[in-house]
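# Structural characterization, general
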Amino acid sequence: MKRIYADLHLYPNLKDSKHVSQIISKASKLGYRLIAITFPSNLTEEEIRRLRNISKEAKIDLASRVDLKPKTPEELIYNLRKLRRRFEIIAVICESKNVARQAAKDRRVDLLNFPSLDFRRRFFDKAEAELASNGLASLEIAIKPLLTLEGPARIRLLSNLRREAAIAKDFHVPIVISSGVSDETLMRKPKELAALASLFDLDEASAIEAVSKNSVAIVKRNRDKLSSRFVAPGIRLIRRGKDC
Amino acid sequence: MKKVRRRYLALEIDSGELFDSREFLDAVWSAVLKLYGEYGASRVGLALIDYDMEKRFAVIRTVHTAVDMVRTALASMTRIGNKPVAIHILRVSGTIRSLYTKTKK
């Protein structure tokens, strides 16, 4: 079976529909069959449907994603309650330890994202990984900073990513590699993203899984849950009918 | 002496600008140097085999043990000179002939 490649973090300017179309068709041309665009939480269903139609024309599957950037665990829980049923992917930008811990153990969170370049503010340590391994969250690594940073900043980032990827592997936390770009020229083919993962010592097989299987699994799981046929984990409605 | 096994890579230069072969090769070398240093670059055995500026197409050669390094370095390239660029690998092959056959398909 042909492998499905996915980029779960694209960031086009949603106000510019031409730019959105360009990004979507570029992703399709680069070999992706599934992409996720980060939407603002107040985006209407109609707007999402319009973007789905654009991606359908480009023969690519579009998943809706929202990035949460809560300041406290309580704010995270509130936002999850409000948004979980509206979006197929929920990523949490972890900027404090409390938020990171809550996000790792909450089964409604799909992706843990640590944007800071300061290693003291990247909270993906063994405790975090253990919580994530009991939940459903994956570690998201965006490739954009690797392309845009240079010199000591990139060296520091690589060293952090190497440590985090090793911890994730030890605790069986899935890794998702995404581009995180808003600019067409920074988009890369899936195998090129996987090649860049070798810079933080991710082996080839794991890197390929991080741009395909792991990402696709998140979207599939959430689509199942959001479907009207979903009853509970492992239980879904097969057919409606009268009592026997 | 053991025979050196080589790999040929067909590349697409994704940019609105045009670059001459010298600019292109310098940029590839500097990407390899930036990521792997002089020691790493010395093991890559990089050479430009074919370059078509108009079609934005290039073929480079490397030793088979360094294909992953070259792939990573090419993916990390974002600029040639001051102009934005992305280099995409179209094909990797063991002979030039099969590379062109596969690329034409």
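Residues numbered from 1 in each chain as written. Chains lettered and ligands numbered in written order. Predicted model: local features only at pLDDT ≥ 70, side-chain atom pairs only at ≥ 80, totals over all residues.

### Describing the overall build of chain A
- Secondary structure assignment for chain A yields 10 helices and nine strands.
- Computed over the C-alpha atoms, the radius of gyration of chain A is 18 Å, within 12% of the 18 Å expected from 2.2 N^0.38 for a compact globule of 244 residues.
- Taking all 244 residues of chain A together, 41% fall into the buried category.
- Across chain A, the fraction of contacts at a sequence separation of at least 24, relative to all contacts at a separation of at least 6, is 70%. (Helix = DSSP H or I, 4+ residues; strand = E, 2+ residues; numbered from the N terminus. Rg over C-alpha atoms; globule rule 2.2 N^0.38 Å. Buried ≥ 20, exposed ≤ 12 C-beta atoms within 10 Å, placed from the backbone. Contact = placed C-beta atoms within 7 Å.)

### Some words on the overall build of chain B
- A tally of regular secondary structure across chain B gives three helices and six strands.
- Whereas a compact globule of 105 residues would reach a radius of gyration of roughly 13 Å, chain B reaches 13 Å, a difference of no more than 12%.
- Reported as C-alpha extents along the three principal axes, the dimensions of chain B are approximately 45 × 35 × 20 Å.
- When the 105 residues of chain B are sorted by exposure, 30% land in the buried category.
- A separation of at least 24 residues holds for 65% of the contacts in chain B among residues at least 6 apart in sequence.

### A look at the interface of chain A and chain B
- Opposite the 11 residues of chain A that make contact, chain B presents 10 residues.
- With three residues, the top contributor of residues to the side of chain A that touches chain B is helix 8 (residues 190-197) of chain A.
- Class assignment for the residues of the side of chain A that touches chain B results in six nonpolar, two polar and three charged. (Nonpolar A, V, L, I, M, F, W, Y, C, P; charged D, E, K, R; others polar.)

### Points about the nonpolar core
- In this structure, I35, I89, V92, A103, L112, I177 and A197 of chain A are the most contacted members of the largest nonpolar core, which totals 96 residues.
- Residues contacting I89 of chain A, with those up to four places away along its chain left out, are L8, A36, A63, R65, D110, L111, I218, V219 and N222 of chain A. (Core = buried A, V, L, I, M, F, W, Y, C linked by C-beta atoms within 7 Å.)

### Looking at the environment of A100 of chain A
Residue and element names in this part refer to chain A.
- Within the secondary structure, A100 is located in helix 4 (residues 97-105).
- Accessibility expressed as a C-beta count within 10 Å gives 27 for A100, which makes it buried.
- Note: C-alpha distance between A100 and P73 (27 residues apart in sequence) is 8.3 Å.
- Aside from chain neighbours lying at most four places away, what touches A100 is C94, L112, F123 and E128.

### Considering the sheet that holds strand 4 (residues 89-93) of chain A
All names here are of chain A.
- Here seven strands make up an open sheet; going across it, the order is 1-2-3-4-5-6-7 and the pairing parallel. The open sheet terminates on both sides in strands that have one partner only, identified here as strand 1 (6-10) and strand 7 (175-178). On average, each strand axis in the sheet is inclined to that of its neighbour by 30°, with strand direction left out of account.
- Bridge analysis of strand 6 (residues 138-142) against strand 7 gives four bridges, and the strand direction is parallel. Across the sheet, A142 pairs through a bridge with S178, a residue of strand 7. (Pairing = 2+ DSSP bridges. Axes fitted to C-alpha atoms, helices over the stretch in contact; angles between N-to-C directions.)

### What about the pairing of strand 2 (residues 47-52) of chain B?
Residues and elements named next belong to chain B.
- Judged from the five bridges that link them, strand 2 and strand 3 (residues 57-63) form a sheet pairing that is antiparallel. For A47, the partnering residue across the bridge sits in strand 3 and is R61.
- From the end of strand 2 to the start of strand 3, which pair antiparallel, there are four residues, and R56 there has a positive phi angle of about 55°.

### Concerning helix 2 (residues 67-76) of chain B
- Across the 10 residues that make up helix 2 of chain B, a large majority, eight, are buried.
- Taken residue by residue, helix 2 of chain B has M69, V70, R71, T72, A73, L74, A75 and S76 of chain B as its buried positions.
- Looking at the buried side of helix 2 of chain B, the elements it contacts are helix 6 (144-148) and helix 8 of chain A together with strand 1 (6-14), helix 1 (21-42), strand 3 and strand 6 (86-93) of chain B.

### A look at the confidence of the model for chain B
- Here chain B averages 93 in pLDDT, while 99% of its residues score no lower than 70.
- The ipTM value of the predicted complex is 0.90, and its pTM value is 0.90. (pLDDT = per-residue confidence, 0-100.)

### Quick look at the packing of helix 8 of chain A against helix 9 (residues 204-211) of chain A
Residue and element names in this part refer to chain A.
- With their axes 9 Å apart at the nearest point, helix 8 and helix 9 run at an angle of 135° to one another. The angle between the axes of helix 8 and helix 9 places the two elements in the oblique class. Remark: the crossing between helix 8 and helix 9 carries right-handed chirality. For the pair helix 8 and helix 9, the contacting residues are P190, L193, A194 and A197 in the first and E204, A207, I208, A210 and V211 in the second.
- The residue makeup of the contact of helix 8 with helix 9, split by class, is eight nonpolar, no polar and one charged. (Parallel < 35°, antiparallel > 145°, perpendicular 65-115°, else oblique. Left-handed = near helix turned anticlockwise from the far one by under 90°.)

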